[in-house]
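# Descriptive structure summary
Here is how the chains run, residue by residue.
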Amino acid sequence: MSEAVVANRYADALFQFGTEKNILDQLVDQFRTVKEVINTNQSFRLVLEHPQISQEKQQQLVETVFQGMDSHVIHTIKLLVERNRVHIIGNMVSRLEQLTNDAKGIAVAQVYSVRQLTEKEQQDIAQAIAKRFQKREVKVHNIVDPAIIGGLKVRVGNTIIDGSVSGKLERLERQFAAQNN
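Residues numbered from 1 in each chain as written. Predicted model: local features only at pLDDT ≥ 70, side-chain atom pairs only at ≥ 80, totals over all residues. Heavy atoms only, no water.

### Focus: the side chain of Ser 113
- Relative to the helices and strands, Ser 113 is located in strand S1 (residues 106-113).
- Separated by 2.5 Å, the side chain of Ser 113 and the backbone oxygen of Arg 115 make a polar contact. (Helix = DSSP H or I, 4+ residues; strand = E, 2+ residues; numbered from the N terminus. Polar contact = N/O pair within 3.5 Å; in protein donor to acceptor, adjacent residues only side chain to side chain.)

In structure tokens:
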């Protein structure tokens, strides 16, 4: 079974559990922290994945590091350690965030621009995206990318709206190439 499928199954189960127990936001916040700790602390991750370190010691380390977190979060991490699946935590948390945002009518948009957008510009873009995608709220993540030359490129989920100058130039280039063949 692929890692993405396994990560999605864990995320789906956590989403369902969090919804039923009315602790979804708490689970998402705590798993974001777990993801950040594992992604930023390579030595911690290596200890959790190392085959010569006993699972008992790995489990104790998880309890110590994530002390104070919800017991379900700690149990899930311990289960992933036990099954040698620590590497799927990033994908699992991303899927859990996606499910939560979908349930709340929230979209996340990556907006590529040549310069940092002002708060007002980001709010205007968020409103336009919310209207187009019929979402209650849109969280805009502005990414500065001088390679787009000008305009904007927006990505919401699997949808890309490319209004950048570089995108228009690429489309013109393809048109001219197709006409010359």
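### Concerning unusual backbone geometry
- Its identity as a non-glycine residue notwithstanding, Asn 84 has a phi of 55 degrees, on the positive side.
- With respect to the helices, strands and loops of the structure, Asn 84 is situated in the loop between helix H5 (71-82) and helix H6 (89-104).
- Judged by relative accessible area, which is 56%, Asn 84 ranks as exposed. (Buried < 20%, exposed > 50% of the residue type's maximum accessible area, 1.4 Å probe, protein only.)

### Section: the pairing of strand S2 (residues 137-144)
- The pairing of S1 with S2 spans eight bridges and is parallel. Within S2, the position partnered with Ile 106 by the bridge is Glu 137.
- Taken together, S1, helix H7 (residues 119-133) and S2 form a β-α-β motif whose crossover is right-handed. (Pairing = 2+ DSSP bridges. Right-handed = clockwise from strand over helix to strand, strands pointing away.)

### Focus on the packing of helix H3 (residues 42-49) against helix H4 (residues 55-65)
- Between H3 and H4, the shortest axis-to-axis distance is 9 Å and the interhelical angle comes to 145 degrees. You can see that H3 and H4 cross each other, and the crossing is left-handed. Contacts between H3 and H4 involve Phe 44, Val 47, Leu 48 and Glu 49 on the former and, on the latter, Gln 58, Leu 61, Val 62 and Val 65.
- Residues of the contact of H3 with H4, tallied by class, amount to six nonpolar, one polar and one charged. (Axes fitted to C-alpha atoms, helices over the stretch in contact; angles between N-to-C directions. Left-handed = near helix turned anticlockwise from the far one by under 90°. Contact = heavy atoms within 4.5 Å. Nonpolar A, V, L, I, M, F, W, Y, C, P; charged D, E, K, R; others polar.)

### Focus on the packing of aromatic side chains
- Counted under the stated rule, the structure contains one aromatic pair.
- Judged by centre distance (5.9 Å) and plane angle (70 degrees), the ring pair of Phe 44 and Phe 66 falls under edge-to-face. One end of the pair, Phe 44, is in helix H3; the other, Phe 66, is in the loop between H4 and H5, with 22 residues separating them in the sequence.
- Judged by its relative accessible area of 6%, Phe 44 is buried.
- One Lys or Arg, Lys 153, reaches over the ring of Tyr 112 and ends 5.8 Å from the middle of that ring. (Phe/Tyr/Trp six-rings, centres within 6.5 Å; stacked < 30°, edge-to-face > 60°. Lys NZ or Arg CZ within 6 Å of the ring centre and 35° of its normal.)

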